[in-house]
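Spelled out from the first residue to the last, the chains are:
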Amino acid sequence: MIVSFLTFLLLSNQVTALATDIAPAATGFLHRRCGKVSQFYNPKPSDWQNNNVDQWLANWMKDHGSDISSSTHGFAGAFGNWAMGNPDFSCRIDGSEGSSCDIQPCDNRVLNNLGDNIRPAYYVLEAIQGLHTYFMGFKDSFEESSIGTAFMKESFSTTFYQAKNSDRRIMAYREIINAITAVIGIAVTVATAGAAAPVGAAGGAMAAMAGGAMSAGSISLQADKDDTLQQDADLGALLGKIVVDTFKNFINANNDLMAGKNYDNSGDIKSYLQGGLFVNYPGVNIPEMIDVFNSFFIANAVNQLWRQQKVFIMGGAKCGDGQGIGEGPQDYSVCRDGKAWYLYYWHEGNGDFLSAKQWGYVTMPPGADKLGQDIYQNVTVADVINSSIDSYNVAEYNYDANTAQERVKEALEGGWRNPGAQGTSWEGTFTIPVCDVSGVVNQDWQGKEWVLQDYGSNSRPVWCGPICSNDWGKTQRFINAANMGGFKSPKHLCKPQPNY
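As the structure is a computational prediction, the values presented were derived from the model and not from experiment. (Residues numbered from 1 in each chain as written. Predicted model: local features only at pLDDT ≥ 70, side-chain atom pairs only at ≥ 80, totals over all residues. Heavy atoms only, no water.)

Side note on the packing of aromatic side chains
Part 1 of the argument: Under the counting rule described, the total for this entry stands at 26 aromatic pairs.
Part 2 of the argument: Plain terms: the ring middles of Y134 and F278 are 5.4 Å apart, the flat faces sit at 70 degrees to each other, and that makes the pair edge-to-face. Taken as a pair, Y134 in helix α7 (residues 118-141) and F278 in the loop between α14 (269-273) and α15 (286-306) lie far apart in primary sequence, 144 residues in all.
Part 3 of the argument: Residue classification places F278 among the buried positions, given a relative accessible area of 1%.
Part 4 of the argument: With a centroid separation of 6.0 Å and 35 degrees between ring planes, the pair formed by W416 and W426 is classed as tilted. Remark: W426 occurs in the loop between α18 (419-422) and β5 (434-436) and W416 occurs in the loop between α17 (401-414) and α18; sequence separation between them is 10 residues.
Part 5 of the argument: An aromatic cluster is built from F312, Y332, Y344, W346, Y392, Y397, Y455, W463, F478 and F487, whose rings are joined through pairwise contacts.
Part 6 of the argument: Sitting above the plane of the F487 ring, K310 keeps its charged end 4.9 Å from the centroid.
Part 7 of the argument: Between K491 and the ring centre of Y500, over which it is positioned, the NZ or CZ distance is 5.0 Å. (Phe/Tyr/Trp six-rings, centres within 6.5 Å; stacked < 30°, edge-to-face > 60°. Helix = DSSP H or I, 4+ residues; strand = E, 2+ residues; numbered from the N terminus. Buried < 20%, exposed > 50% of the residue type's maximum accessible area, 1.4 Å probe, protein only. Lys NZ or Arg CZ within 6 Å of the ring centre and 35° of its normal.)

Quick look at the structure:
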């Protein structure tokens, strides 16, 4: 029978009214059926924070230290026994999970007899289960086959690295994999809270989570002693293996935290639960997390490969107006705060003094044309430039893996950014050397009109002064960071020759 739209609306209104009438009765029934705890069902982080559960939990652990020590299952067992009368509440991950982390608050006499402690005890039980769900999400779904399949297929070293000679070794392999630890920390925050920015005390929990994951990453790297990577050694497969090993280590954090231990100096379970981050945790969004992993891993690999070559960023003059110092490639640039910035690669010359290309020329970095498409779709030229500028503003040319880890934790703890939500434009993802040439505009230097040039086989910029911020020291540091120490091409027309 087809009901008209008007009739449907009428019936809907009647049902709504009926539901409104019976709602209090249903709530009352639930209260009578499940006890006082039902008043606190469906908690949110704000409920946790408004009721100061962080301090309550800290006091509980302090007052029940002996119970935790004597319990077979440490903190989880002691708390489960105290709050639910269940000493087998372990929430471990050891292959025999079963129902070890189930909570059944409805009509639980132990829980409902806790008086003023009913609310915080119930919130903590929900949060413990949420944290366990988080780690189980990795265990059940994060397998090697799902980790950046593109890594296994892509030869990064041939796409983004152009060797000067037959020696195809990629140096600084250690830097490539060290940078991955910060990426792992970023990605776990996405698994924790998706694209949401950290709010209040929950930011501390996200920082603890990131710190624990980064520690797990460091553990995974300690056994590897090689410092070089051959062209065909498959960097992609290596990165995939590192991720798998890292999360096997990170999953171990679950058992340490549930036992009441401090996981590798990242904090105990209080740190991970603070702010109520897990009190209503919906589960790991695996596709979203893997997308973040893939994007950041690709970006970091590209960054480290480019950092071994003459790849750099220049700019600072007005967008659309070279201001007398030239303009760079528009397709490989960004306009930021009214200033134009360009991505460059100085392709070395052949050394033949009879050749027009003896001084080399500027062009796009190896593989830059691949960014923004296919498996690199979430990594763009704009990300490279913006991330590098932010890195430069924080630590000039010294933004290393340790800086990256600290800044991730600072952003989360301070609640001013979720790096995973920002994507690969986040600072430290790229650390390509930056030179602000805006100070050249008002100078009367030889060849100043050629400081910036478009790509081309005959494009050879001329740098006859302290081009970076009109500062010789900064210019020298830029030259060194861009692997151009002793490189004569930028100053081959200068008289006299600048001392860099």
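Comments concerning the confidence of the model for the chain
As a general rule, the predicted coordinates of low-pLDDT regions are not to be interpreted in detail.
Part 1 of the argument: Considering every residue of the chain, the mean pLDDT works out to 80; 72% of them sit at 70 or more.
Part 2 of the argument: In the model, residues 223-233 has pLDDT below 50 throughout and makes 25 contacts with residues more than four positions away in sequence or in other chains. (pLDDT = per-residue confidence, 0-100. Contact = heavy atoms within 4.5 Å.)

Structural notes on the environment of F138
Part 1 of the argument: Note that F138 resides in helix α7.
Part 2 of the argument: A relative accessible area of 1% places F138 in the buried class.
Part 3 of the argument: Between the alpha carbons of F138 and K248 there is a distance of 8.7 Å; along the sequence they are 110 residues apart.

Notes on the environment of T159
Part 1 of the argument: Residue position: T159 is located in helix α9 (residues 156-159).
Part 2 of the argument: The exposure class assigned to T159 is buried, which follows from its relative accessible area of 17%.
Part 3 of the argument: For the pair formed by T159 and V302, sequence separation is 143 residues and the distance between their alpha carbons is 9.1 Å.

Examining the pattern of salt bridges
Part 1 of the argument: A complete count under the given rule lists 9 salt bridges for this structure.
Part 2 of the argument: Here D94 and R92 are joined by a salt bridge, their closest N and O atoms 3.3 Å apart.
Part 3 of the argument: The shortest N-O distance in the salt bridge between R407 and E410 comes to 3.4 Å. With R407 and E410 both in helix α17, this residue pair falls 3 residues apart, about one helical turn.
Part 4 of the argument: Among the residues examined, E410 registers a relative accessible area of 37% and is labelled partly exposed.
Part 5 of the argument: Where salt bridges share partners, they join R407, E410 and E427 into one cluster. (Salt bridge = Lys/Arg side-chain N within 4 Å of Asp/Glu carboxyl O.)

Some words on empty space enclosed by the protein
Part 1 of the argument: Summed over the entire model, instances satisfying the criterion amount to 3 cavities of 30 Å³ or more.
Part 2 of the argument: Each pocket or cavity is described by its volume, and for the largest cavity that value is around 60 Å³.
Part 3 of the argument: In this structure, the largest cavity is lined by R307, S388, S391, Y392, E396, Y397, N398, Y399, T431, I432, P433 and V434.
Part 4 of the argument: Each residue belonging to the lining of the largest cavity can be placed in one class, and the counts come to 6 nonpolar, 4 polar and 2 charged.
Part 5 of the argument: In terms of lining, the second largest cavity is formed by 11 residues, of which the most central are A182, I186, A404, G428 and T429.
Part 6 of the argument: The element that contributes the greatest number of residues to the lining of the second largest cavity is helix α11 (residues 180-193), accounting for 3 residues. (1 Å grid on protein atoms, 1.4 Å probe; cavity = no way out; pocket = protein on both sides within 12 Å on 5 of 7 lines; lining within 4 Å. Points joined across faces, edges and corners; volume = space filled by probe spheres on them. Nonpolar A, V, L, I, M, F, W, Y, C, P; charged D, E, K, R; others polar.)

Re the nonpolar core
Part 1 of the argument: F75, F79, F89, I128, L131 and I269 are the most contacted members of the largest nonpolar core, which has 65 residues in total.
Part 2 of the argument: Where this core is concerned, the elements lending two or more residues are α3 (53-63), α5 (74-84), α7, α11, α13 (235-258), α14, α15 and α17.
Part 3 of the argument: Counting residues per element, this core draws most heavily on α7, at 13 residues.
Part 4 of the argument: Each residue touching F79, except ones within four places of it in the same chain, is listed here: W56, W60, M84, A121, V124, L125 and I128. (Core = buried A, V, L, I, M, F, W, Y, C linked by side-chain atoms within 4.5 Å.)

Let's talk about the state of the cysteines
As used here, a disulfide is simply a covalent bond connecting the sulfur atoms of two cysteines.
Part 1 of the argument: This model, assessed by the stated rule, comprises 5 disulfides.
Part 2 of the argument: With its sulfur 2.0 Å from that of its partner, C34 forms a disulfide with C106. In this structure, the disulfide formed by C34 and C106 twists by about -80 degrees around the S-S bond and is classed as left-handed. Remark: C106 occurs in the loop between α5 and α6 (109-112) and C34 occurs in helix α1 (residues 5-34); sequence separation between them is 72 residues. (Disulfide = S-S within 2.5 Å.)

Focus: α17
Side chains three or four residues apart in an α-helix point the same way, a direct result of the helix having 3.6 residues per turn.
Part 1 of the argument: The terminal C-alpha atoms of α17 lie 20 Å apart, and with 14 residues this matches the ideal 20 Å at 1.5 Å per residue to within 8%.
Part 2 of the argument: Here α17 has its buried residues at A404, Q405, R407, V408, A411 and L412. Projected down its long axis, α17 shows its buried positions confined to an angular sector of 165 degrees, all on one face. Among the exposed residues of α17, those pointing more than 90 degrees away from its buried face are N402 and G414.
Part 3 of the argument: The opening residue of α17, the one whose side-chain oxygen lies 3.2 Å from the backbone nitrogen of N402, is D400. (Expected span 1.5 Å × (residues − 1). Arc of directions from axis to C-beta. Polar contact = N/O pair within 3.5 Å; in protein donor to acceptor, adjacent residues only side chain to side chain.)

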